[in-house]
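Residues per chain are reported as follows:
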Amino acid sequence: MQALKTTGTTTMSDANAAAALRYRNNFLKEVEAHVEDGEWVKMCMQCGVCAGSCPLGAHWEHTPQKIFMMIRAGKRDEVLRSDAMWMCTSCYNCVVRCPRKLPITQIMHGIASYAQKLGLAPKMQPTRDFSIQFWKNCTRTGRVNELKLTMGLYFKDGLMAGIKLGWNMRNVALGLIKAGRLNPFELFGGHRCKDQKGIAAMLKKAREVEATRKKV
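Numbers given to residues run from 1 along each chain, matching the order in which its sequence is written. With the structure being a predicted model, the display of local features is reserved for residues of pLDDT at least 70 and the display and counting of side-chain atom pairs for 80 or more, all residues being used for whole-chain, interface and lining totals. Think of the side-chain values as coming from all heavy atoms in the structure, minus any hydrogens and water.

Engineer: Please explain the environment of Phe134 as it appears in this structure.
Structural biologist: Secondary structure follows DSSP: runs of H or I at least 4 residues long count as helices, runs of E at least 2 residues long count as strands, and numbering of each begins at the N terminus. Within the element layout of this structure, Phe134 appears in helix 8 (residues 126-141). Residues Phe134 and Glu146, 12 residues apart in the sequence, show an inter-C-alpha distance of 9.3 Å.

Engineer: In this structure, what is going on with the packing of helix 8 against helix 9 (residues 146-154)? I would like to understand it.
Structural biologist: Here an axis means a line fitted to C-alpha atoms, over the contact stretch when the element is a helix, while the angle between two N-to-C directions is reported on a 0 to 180 degree scale. Put simply, helix 8 and helix 9 touch, their axes get as near as 10 Å, and they point 145° apart. The element helix 8 and its partner helix 9 pack so that their crossing is right-handed. For the pair helix 8 and helix 9, contact is made by Asp129, Phe130, Gln133, Phe134 and Asn137 and by Lys148, Leu149, Gly152 and Leu153, respectively. When residues are sorted by character, Ala, Val, Leu, Ile, Met, Phe, Trp, Tyr, Cys and Pro go into the nonpolar class, Asp, Glu, Lys and Arg into the charged class, and all the rest, Gly among them, into the polar class. Here the contact of helix 8 with helix 9 is composed, by residue class, of 4 nonpolar, 3 polar and 2 charged. By the definition used in this description, the sense in which the near helix is turned from the far one sets the handedness, with an anticlockwise turn below a right angle giving left-handed and a clockwise turn giving right-handed. In what follows, a contact means two residues having at least one pair of non-hydrogen atoms within 4.5 Å.

Engineer: Is there a simple way to think about the packing of helix 4 (residues 64-72) against helix 7 (residues 104-117) in this case?
Structural biologist: A packed helix pair is summarised by two numbers, namely the angle formed by the two axes and the spacing between the axes. It is the contact of helix 4 with helix 7, at a shortest axis distance of 11 Å, that shows an interaxial angle of 60°. Taken as axis vectors, helix 4 and helix 7 run oblique relative to one another. Relative to helix 7, helix 4 is oriented so that their crossing is left-handed. Residues Pro64, Ile67, Phe68 and Ile71 of helix 4 form the contact with helix 7, whose participating residues are Ile104, Ile107, Met108 and Ile111. Roughly parallel means an angle under 35 degrees; roughly antiparallel, over 145; roughly perpendicular, 65 to 115; everything else is oblique.

Engineer: When you look at the state of the cysteines in this model, what are you seeing that I'm missing?
Structural biologist: Disulfide: a covalent bond formed between the sulfur atoms of two cysteine residues. Throughout, a disulfide means two cysteine sulfur atoms within 2.5 Å of one another. On inspection of all chains with the given rule, the structure shows 0 disulfides. For the unlinked cysteine Cys54, the closest cysteine sulfur is that of Cys91, found at 5.8 Å.

Engineer: I tried to follow the nonpolar core on my own but got confused; where do I start?
Structural biologist: Note on soluble globular proteins: their nonpolar side chains tend to be buried together. Residues enter a nonpolar core if they are buried and are Ala, Val, Leu, Ile, Met, Phe, Trp, Tyr or Cys, with the set joined through side-chain atoms within 4.5 Å. Partly exposed describes any residue whose relative accessible area lies between the buried limit of under 20% and the exposed limit of over 50%, with all areas from a 1.4 Å probe on protein chains only and scaled to the type maximum. Among the nonpolar cores identified, the biggest contains 33 residues, and Ile67, Phe68, Ile71, Leu80, Ile104, Met108 and Ile111 are the most heavily contacted of them. Among the elements of the structure, helix 2 (27-34), helix 4, helix 5 (76-80), helix 6 (93-97) and helix 7 are those that each provide at least two residues to this core. Examining the composition of this core, we find that 7 residues originate from one element, helix 7, more than from any other. With near-sequence residues (within four places) excluded, Ile111 lies in contact with Val35, Ile67, Ile71, Val79, Leu80 and Met85.

Engineer: Can you walk me through the packing of aromatic side chains in this structure?
Structural biologist: Think of it this way: a Phe, Tyr or Trp ring, Trp meaning its six-membered ring, pairs with another when their centres are within 6.5 Å, and the plane angle makes it stacked under 30 degrees, edge-to-face over 60, tilted otherwise. For the coordinates displayed, the defined rule picks out 1 aromatic pair. Only when the NZ of Lys or the CZ of Arg is both within 6 Å of the ring centre and within 35 degrees of the ring normal is a charge said to sit over the ring. Across from the ring centre of Trp167, 3.9 Å away, lies the NZ or CZ of Arg170, which sits over that ring.

Engineer: Help me out: how do you make sense of helix 4 in this one?
Structural biologist: An α-helical turn contains 3.6 residues, so any two residues separated by three or four positions project in the same direction. Turning to helix 4, its buried residues are Pro64, Gln65, Ile67, Phe68, Met70 and Ile71. Remark: Gly74 follows helix 4 within two positions and exhibits a positive phi of approximately 80°.

The quantities given are spatial measurements derived from coordinates; they are silent on function.
Structure, rendered in structure tokens:
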């Protein structure tokens, strides 16, 4: 999930340019080097079972087997700028039914994270927006603050847009408050893990391990 953290536009552009220059026309090698389980892409036999098994298959810009073929064909920009990978809901139907047992779900999320890291992910994609908000929220305290997460999503497009959306969802919010599932006072702090330094150290170590793995 670290790849979902936002970075400066210049840094992301430089990373994208460096990756494109290094791998040139061999996008498959780039995916194998930088995407989790990317080495499995070349094993796809284009049967289409993943597309047929996906509950959102009809709404994908590019289905998983098409994404894999595009990777092997060197369609770098078309893949990384697509919102197809962000459509994955992690239902794992594709993984269960794949004749070759490819980790399709992990690959889809891996490509999405890599596209975000390079600054190529679609800026208005709602799943991307939620992923970024969720990552920022949970890594601050080690626990998700549902109220702040919701407000971050509601107000990402501005004050008026947030007020309008909040008003439209007021009945849902009141129902959650009555059921004890939403606490308005979470806005002023909220629950958190006790060992904040431990959380930070764990995330730092995870980043170091990930960086080391990618260099091998």
